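What follows is each chain in one-letter form.
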Amino acid sequence: CKVENADSPTAAKVVVNGSCTVAAKLRMRVNVSVLAEEGGTVTPSGEIQGHVKEYIDISARANEGYRFLYWVNSANCKIEDRYSADTRFLSESTVGCTVTAKFRKQGRIVIDSVENIDIAPRDEYVDVCKTINVYPYRSAYDWQFSHFEYISGEQNCPVTMNSTGVIITVNGDCEMKPVVV
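If you're wondering where the values come from, they're calculated on a predicted model, not measured in any experiment.

Parameters and conventions
- Residues numbered from 1 in each chain as written.
- Predicted model: local features only at pLDDT ≥ 70, side-chain atom pairs only at ≥ 80, totals over all residues.
- Heavy atoms only, no water.
- Phe/Tyr/Trp six-rings, centres within 6.5 Å; stacked < 30°, edge-to-face > 60°.
- Helix = DSSP H or I, 4+ residues; strand = E, 2+ residues; numbered from the N terminus.
- Buried < 20%, exposed > 50% of the residue type's maximum accessible area, 1.4 Å probe, protein only.
- Lys NZ or Arg CZ within 6 Å of the ring centre and 35° of its normal.
- Disulfide = S-S within 2.5 Å.

Enquirer: Kindly report on the packing of aromatic side chains, identifying the contributing residues and their values.
Expert: Given two aromatic rings, one states the distance between the centres and the angle between the planes to describe the pair. Enumeration according to the criterion identifies three aromatic pairs in this entry. The interplanar angle of 65° and the centroid separation of 6.2 Å between the aromatic rings of Tyr70 and Tyr83 together place this pair among those described as edge-to-face. Residue Tyr70 is located in strand β7 (residues 66-73), and its partner Tyr83 is located in the loop between β8 (77-79) and β9 (86-91); the two are separated by 13 residues in the primary sequence. The class of Tyr83 is exposed, set by a relative accessible area of 60%. In textbook terms, an aromatic cluster arises when at least three aromatic residues are bridged by ring pairs, as seen for Phe68, Trp71 and Phe103. The ring of Tyr55 has Arg88 lying over it, and the distance from NZ or CZ to the ring centre is 3.9 Å.

Below you can see the structure in the form of structure tokens.
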């Protein structure tokens, strides 16, 4: 037996000279979907064709103000690393499957610096509805932190103070500066 074009999925040809046994490996096509929830994009995107039990590379990119969380899959889908934005998946049957990238909205909190006092953090993105602790440090000049003055987004970042520091609940973008006395 001689097999011509053995690597071709559609044009392989077996030439028989006498008796022989030929085994064929069939690759079953399957339609799969790669989707993104609000907050990002995926590549490839939409409905694509793949082969049963063969991996397809996928990637997710978060839009500004969001971060990638993880991939979710429907039945018959296997994701190699659901917590990596760049991973791969396969369909385990001819039924096909769907993978969806999940993203979380973030708020940007900016705390402007003021001479003679150290405040951390200064500028960062935080998951919406999360709280952060801010610890004002006394300066060498004996200035002391009093409170925050909002520059923008007061409704997005309510502030509460306790004996150990300041707790800010981030619900969106805001900018503030510390006031010292």
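Anyway, onward from the coordinates.
Enquirer: Break down the state of the cysteines for me, citing the residues and quoting the values.
Expert: Within this structure, the stated rule accounts for two disulfides. The disulfide that involves Cys77 links it to Cys97, with 1.9 Å between the sulfurs. Handedness of the Cys77-Cys97 disulfide follows from its S-S torsion of about 70°: it is right-handed. One end of the pair, Cys77, is in strand β8; the other, Cys97, is in strand β10 (residues 97-111), and 20 residues separate them in sequence.

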